[in-house]
Amino acid sequence: MKFKAGDQVILTTDKGKSWLIKLQLGENFSCHLGSISHDNIIGKCPGDSWTTPKGTKIFFFYPTLNDFLFKLTRRTQIVYPKDIGAMLCYGDIRSGMTVLESGVGSGALTMFLLNAVGTSGMLVSVETRKEFVELALNNVKKFFDPIPKQWNLVVGNIENIAFNYCFDRVVLDLPEPWKAVPNVSKIIKPGGIIVSLSPQITQLQWTARELKKHGFRFLQIFEILKRDWHIDDRRSRPADRMIAHTGFLLFGRKVNLPSD
Ligand SMILES: C[S@@+](CC[C@H](N)C(=O)[O-])C[C@H]1O[C@@H](n2cnc3c(N)ncnc32)[C@H](O)[C@@H]1O
């Protein structure tokens, strides 16, 4: 589909440098490599390119969710794609589900959860700090304009917030997730899955202990390591550097026990 005014487009070089723009008639895109009028991008197709005066090819694409994630305004640590992939897969977060998320922070994970539950599902996101609610709202609005109808963003504390219905899945990215467990255990459906991400393993140790006390079983705790490779005519070896640590993931399932 050809680009038109109002579309968001990602401009990217072979080396991975990229810029996200919204096409507007009469506007210019400028970077250290040169400048191009938006009018010259309008009418082009995804995968087309522009060769800058310095000879660099810049390709045009519709942005992916990953592109959005790396371009959003961040004022908190965000969840990285390698962890999001595992959270969605092992947390079994799918279209049509009712999912509770807390905290919201910059809204990076929120975008993927909204996409996963789709228009037939519902995402409720709970965040204590109003400024992060605003930030996440602006980030989601920028990329998903209009704001998805399946999203309910609430200022509140996950440790005591009440709902008159229960959730299929609960996803936590909190500094003290263990404190949320007693409340979460009341608002997750039997058989529901909890997912929690924490940078320190002690956080998960305390969370796991609390989960067992509140009727969660089948706990799995692991981390995802992603190592990039250089493959070309001269090289086929791992990259020198990697993001070695982001967080540890925990998954658990709510069961019905007589003592619960
Ligand atoms: C690491 S950030 C979340 C980042 C987010 N997942 C993202 O990808 O952008 C943690 C958030 O949890 C919020 N938070 C901390 N304690 C909370 C609580 N008890 N209830 C709700 N939100 C809380 C913080 O204000 C902060 O915004």
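Residues numbered from 1 in each chain as written. Predicted model: local features only at pLDDT ≥ 70, side-chain atom pairs only at ≥ 80, totals over all residues. Heavy atoms only, no water.

Things to note about the pattern of salt bridges
Between side chains of opposite charge, a pair can form as their charged atoms come close. Heads up, the rule is: Each reported salt bridge corresponds to a side-chain nitrogen of Lys or Arg within 4 Å of a carboxyl oxygen of Asp or Glu. Only runs of H or I of at least four residues qualify as helices and only runs of E of at least two qualify as strands under DSSP, and these elements are numbered from the N terminus. Buried residues are those whose accessible area, probed at 1.4 Å on protein chains only, stays under 20% of the maximum for their type, while exposed residues exceed 50% and partly exposed ones sit between those limits.
Summed over all chains, the structure comprises eleven salt bridges. A salt bridge links aspartate 7 to lysine 4, with the nearest nitrogen and oxygen atoms 3.0 Å apart. Between lysine 213 and glutamate 210 there is a salt bridge, with the nearest N and O atoms lying 3.3 Å from each other. Of this pair, lysine 213 and glutamate 210 both sit in helix H6 (residues 201–213), three residues apart, roughly one helical turn. For lysine 213, a relative accessible area of 59% puts it in the exposed group. Under the relative-accessibility criterion, glutamate 210 is labelled buried at 16%. Three or more residues are tied together by salt bridges with common partners; here these are Asp92, Arg94 and Arg169.

Things to note about the site of the ligand
Here is the rule: We call a residue near a molecule or strand as soon as one heavy atom of that residue lies within 4 Å of the molecule or strand. Nitrogen and oxygen atoms within 3.5 Å of one another constitute a polar contact, given that in protein one can donate a hydrogen and the other can accept it, and given that sequence-neighbouring residues count only through two side-chain atoms. Surface accessibility in these figures is a Shrake-Rupley result with a 1.4 Å probe; residues are shielded only by whichever protein chains are displayed. In this count, Pro and Cys sit with the nonpolar residues alongside Ala, Val, Leu, Ile, Met, Phe, Trp and Tyr, while Asp, Glu, Lys and Arg are called charged and the others, Gly among them, polar.
In the vicinity of the ligand, 24 residues are found, and the nearest of them are Glu127, Phe132, Asn157, Ile158 and Asp173. Within the contact set of the ligand, an oxygen atom lies 3.2 Å away from a backbone nitrogen or oxygen of glycine 107. For the ligand, whose unbound accessible area comes to 610 Å², protein coverage reaches 88%. Listed by contribution, the elements that provide at least two residues to the shell around the ligand are helix H3 (108–117) and strand S8 (122–127). Here the residues of the shell around the ligand are counted per class, giving ten nonpolar, ten polar and four charged.

Nothing here speaks to function; it is all geometry.
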